[in-house]
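Residue-level listing of the chains:
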Amino acid sequence: MKKILAVALATLPVLSSVGVASAADVISRRDAVPTYTESDQRGGVRIGYLDCSIGGGVGYVLGSAKEADCVFTSTIGSEPLDRYTGVVRKMGVDIGFTTRSRMIWAVLAPTAGYHHGSLAGLYQGASAEVTVAAGAGVNVLIGGTASSIHLQTVSVTGQLGLNLAATGTSMTLTPA
């Protein structure tokens, strides 16, 4: 009996402090839940976009290689900040031809800063395209340099020609 009474008395302060601690953390149902929002412009993650013009060419059954000219433009202002040249290589089923293509990526960073050549490097992944006169494609590419600035993983391609492709893809970017 004495043990039960001792345990009950020992747990009394613990139980009363739990009620006080939880009452301090209670948010009224009438209060709005605080949310964090950040602008896409200056303090956000998206600092601009990379717009690439891909040269035309023939896709052979096993792949293709096409030249790329790219321009990085910041979300703050409309002047191009940086230019890149590169090559897009595809390995897999790539049948047909394209006269020209255009790929656009969002450029992401933890801060609004950008340094010349930050997007240079090798990007690898996969692509799927269907073109009959005008067509579209999707690219899933990751890579670049070890810097914190990188391209959004998924990009969209618009192109003219007659082509069907499902390939492993690599793109090399070099500052112009």
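For the structure itself, look to the data block above.
Just so you know, these numbers come straight off a predicted model, no measurement behind them.

A. Layout of the overall build of the protein chain. Summing up its helical and strand segments, the protein chain has one helix and six strands in all. A fraction of 73% describes how many contacts in the protein chain between residues 6 or more apart in sequence connect residues 24 or more apart. Entry remark: accessible area of the protein chain is about 10800 Å², with carbon and sulfur atoms responsible for 66%.

B. Representation of the nonpolar core in the model. Of all hydrophobic cores here, the largest spans 22 residues; its most connected members are Leu50, Tyr84, Leu119 and Met171. Breaking this core down by element, the ones donating at least two residues are strand E1 (46-59), strand E2 (63-74), strand E3 (80-108), strand E4 (121-144) and strand E6 (154-175).

C. The arrangement of the environment of leucine 141 in detail. Structurally, leucine 141 can be placed in strand E4. Taking the C-alpha atoms as reference points, leucine 141 and threonine 169, separated by 28 residues in sequence, lie 7.6 Å from one another. If we skip the residues at most four places from it in the chain, leucine 141 touches Trp105, Tyr123, Gln124, Gly125, Ala126, Gln152, Thr153, Thr169 and Met171.

About the criteria used
- Residues numbered from 1 in each chain as written.
- Predicted model: local features only at pLDDT ≥ 70, side-chain atom pairs only at ≥ 80, totals over all residues.
- Heavy atoms only, no water.
- Helix = DSSP H or I, 4+ residues; strand = E, 2+ residues; numbered from the N terminus.
- Contact = heavy atoms within 4.5 Å.
- Areas by Shrake-Rupley, 256 points an atom, 1.4 Å probe, with all protein chains shown as cover.
- Core = buried A, V, L, I, M, F, W, Y, C linked by side-chain atoms within 4.5 Å.
- Buried < 20%, exposed > 50% of the residue type's maximum accessible area, 1.4 Å probe, protein only.

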